[in-house]
Amino acid sequence: MKVLVIGGGAREHALCRSLSLDPDVTALHCAPGNAGIAEVAALHPVDQLDGGAVAALATELGADLVVVGPEAPLVAGVADAVRAVGVPVFGPSAEAALLEGSKAFAKDVMAGAEVPTARSYVCTTPAEIDEALAAFGAPYVVKDDGLAAGKGVVVTEDVEQARAHALACERVVIEEFLDGPEVSLFAITDGTTVLPLQPAQDFKRALDGDEGPNTGGMGAYSPLPWADPKLVDEVMETVLQPTVDELRRRGTPFSGLLYAGLAITSRGVRVIEFNARFGDPETQVVLARLKTPLAGVLLRAATGTLADQEPLAWRDEAAVTVVVASHNYPGTPRTGDLIEGLAEVAERDAPHAYVLHAGTKRDGDRIVSAGGRVLSVTATGTDLSQARERAYAAVGRIRLDGAQHRTDIARKAAEDAASTGV
């Protein structure tokens, strides 16, 4: 099987790494990729938002499967363009990707599917914004209706900050605050059959203790030792399958990766948001634990034959990812800084720990930073404590001027699991 992955972040590096380890994959390509992905896949320059260009590249390469990583190409209709030239593609149509592209559309689908979620108002005027903020009170949850690269949500006790964010958005969703821990659960679907993966938890805030501004994600871990063993079955029954069924009923079947961001509240599971693609950095830990070869599963989803898929096999190990970000992230990050220590990690920490590249590029024989989130250092272990130790040992070998990372990824879960013997 020849596979082409679209994108250039750590999520795509994680996908390419898993695909490169799949014996059925005979050729692996990525466009545009990054300095790390270049070690496992042939890179091609492409405008990833240009469906015609991506479809032409897939045809030229003779790809048997195209995997679209980021949300922006999906919302732009890249998967539709690839399907139109007869190449199987893992990723929803532009119409179905509105589940992530529009918070208001997602709320409408959830209402139709009777999926439990937060009460909300869609606002377009200052008067509507003030009315919604007053109705819910603090803490205020304000979401840009469109794509915002994981940074369009503000949760604050300050009504003026909430109002300012709302006024800066063309259309905004204001909703009730959901208490309880958050969980990310991915599911692969062909539009009918739904195949859940293992849950993960990510860390959105920039600083330790969940302080600081929202980011695209500073780390993640899986499994969740504190979660109810029946959680996946419950979410399948109340969220994932009803959503896929509702989209099919509307004539916009969703084929690809359905990502449910969930709050485990005092009143039960509630959906915070849907995404239409693998999440970053949760993909890094989920794929680290997946034993079943990836390519065949994605191809079955792309060709409507997921019902034929054998149950997925998972490693018993735990996985932890720590994101190394550049100076000033999530503001305007500094780029062009030299990254050192990558060879040392490969030599001393493999195979239990490895580095997935996000915002990197090659500059001659050097690798330099090229974005906000630069690297995802991922490690596995017999439990979360060992996975954490290995991940942070590897992070300690990396040198990047001005770099920042959280030191508490998975710490509480690891300590709780150790104290309870889970």
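Everything here concerns the structure above.
In this report, the structure presented in the accompanying data block is examined. (Residues numbered from 1 in each chain as written. Predicted model: local features only at pLDDT ≥ 70, side-chain atom pairs only at ≥ 80, totals over all residues. Heavy atoms only, no water.)

### Observations regarding the overall build of the protein chain
A count of helical and extended segments in the protein chain gives 14 helices and 24 strands. The C-alpha atoms of the protein chain give 20 Å as radius of gyration, which agrees with the globular expectation for 422 residues (22 Å, within 12%). Across its three principal directions, the C-alpha atoms of the protein chain cover 55 × 45 × 45 Å. The burial tally for the protein chain puts 56% of its 422 residues in the buried class. (Helix = DSSP H or I, 4+ residues; strand = E, 2+ residues; numbered from the N terminus. Rg over C-alpha atoms; globule rule 2.2 N^0.38 Å. Buried < 20%, exposed > 50% of the residue type's maximum accessible area, 1.4 Å probe, protein only.)

### Observations regarding the sheet that holds strand 20 (residues 353–357)
Each strand in a sheet pairs with its neighbour through backbone hydrogen bonds, running either in the same direction (parallel) or in the opposite one (antiparallel). Across the sheet, which stays open at both edges, the five strands sit in the order 12-15-18-23-20 with antiparallel pairing between neighbours. Each edge of the open sheet is held by one strand with a lone partner, namely strand 12 (201–202) and strand 20. Pairing of strand 20 with strand 23 (residues 373–381) involves five bridges; the strand directions are antiparallel. Within strand 23, the position partnered with Tyr354 by the bridge is Thr378. Sheet strands touched by helix 10 (residues 282–289): strand 12, strand 15 (219–222), strand 18 (318–325), strand 20 and strand 23. Its angle to strand 18, the strand with the most contacts, is close to 150°. Its contacts with the sheet put helix 13 (residues 384–395) on strand 15, strand 18, strand 20 and strand 23, and the angle it makes with strand 18 is roughly 30°. (Pairing = 2+ DSSP bridges. Contact = heavy atoms within 4.5 Å. Axes fitted to C-alpha atoms, helices over the stretch in contact; angles between N-to-C directions.)

### Quick notes on the sheet that holds strand 11 (residues 194–196)
Spatially, the four strands line up as an open sheet ordered 11-10-16-17, and their pairing is antiparallel. The open sheet has two edge strands with one neighbour each: strand 11 and strand 17 (268–275). Averaged over neighbouring strand pairs, the angle between their axes works out to 35° when direction is ignored. Two elements, strand 16 (residues 256–265) and strand 17, share seven bridges in a ladder whose sense is antiparallel. By the bridge assignment for strand 17, Ala260 is matched with Phe274. In the packing of helix 9 (residues 231–249) onto the sheet, contacts are made with strand 10 (182–189), strand 11, strand 16 and strand 17, and the angle to strand 16 comes to roughly 125°.

### Brief notes about the side chain of Thr380
Residue placement: Thr380 occurs in strand 23. Those residues in contact with Thr380, other than ones at most four positions away along the chain, are Ala288, Glu317, Ala318, Ala319, His352, Ala387 and Arg390.

### Regarding helix 8 (residues 159–167)
Buried within helix 8 we find Ala162, His165 and Ala166. Along the axis of helix 8, the buried residues cluster in a sector spanning 100°; they form a single face. The N-capping residue of helix 8, defined by a side-chain oxygen 2.9 Å from the backbone nitrogen of Glu160, is Asp158. (Arc of directions from axis to C-beta. Polar contact = N/O pair within 3.5 Å; in protein donor to acceptor, adjacent residues only side chain to side chain.)

### A short note on the pairing of strand 18
Residues in a regular strand point their side chains to alternate faces of the sheet. Within strand 18, eight of the eight residues are buried, which leaves it mostly tucked inside the rest of the structure. With burial as the criterion, each face of strand 18 is covered, one bearing Ala318, Val320, Val322 and Val324 and the other bearing Ala319, Thr321, Val323 and Ala325. With four bridges joining them, strand 15 and strand 18 adopt antiparallel strand pairing. Across the sheet, Gly219 pairs through a bridge with Val322, a residue of strand 18. For strand 18 and strand 23, the ladder comprises eight bridges, and the chain directions are antiparallel. When the sheet's bridge partners are listed, Ala319 is paired in strand 23 with Thr380.

### Points about the packing of helix 13 against helix 14 (residues 411–420)
Helices that pack against each other are described as a pair by the angle of their axes relative to one another and the distance between those axes. For the pair helix 13 and helix 14, the least separation of the axes is 8 Å and the interaxial angle reads 145°. Between helix 13, through Leu384, Ser385 and Arg388, and helix 14, the contact on the second element is made entirely by Arg411, Ala413 and Ala414. Grouping the constituent residues of the contact of helix 13 with helix 14 by class yields three nonpolar, one polar and two charged. (Nonpolar A, V, L, I, M, F, W, Y, C, P; charged D, E, K, R; others polar.)

### Focus on the packing of aromatic side chains
For the structure shown, the criterion picks out five aromatic pairs. Measuring from centroid to centroid gives 6.1 Å for Phe90 and Phe278, while their planes differ by 35°, and the two rings are tilted. With Phe90 in strand 5 (residues 89–90) and Phe278 in the loop between strand 17 and helix 10, this pair connects stretches of sequence that are 188 residues apart. Taken as a pair, Phe90 and Phe278 share a single burial class, namely buried. Geometrically, the ring pair formed by Phe186 and Tyr259 is tilted, given 5.1 Å between the ring centres and 40° between the ring planes. In this pair, Phe186 is assigned in strand 10 and Tyr259 in strand 16, connecting sequence segments 73 residues apart. Residue Phe186 shares its accessibility class with Tyr259, and that shared class is buried. Pairwise contacts between aromatic rings join Phe90, Phe186, Tyr259 and Phe278 into one cluster. (Phe/Tyr/Trp six-rings, centres within 6.5 Å; stacked < 30°, edge-to-face > 60°.)

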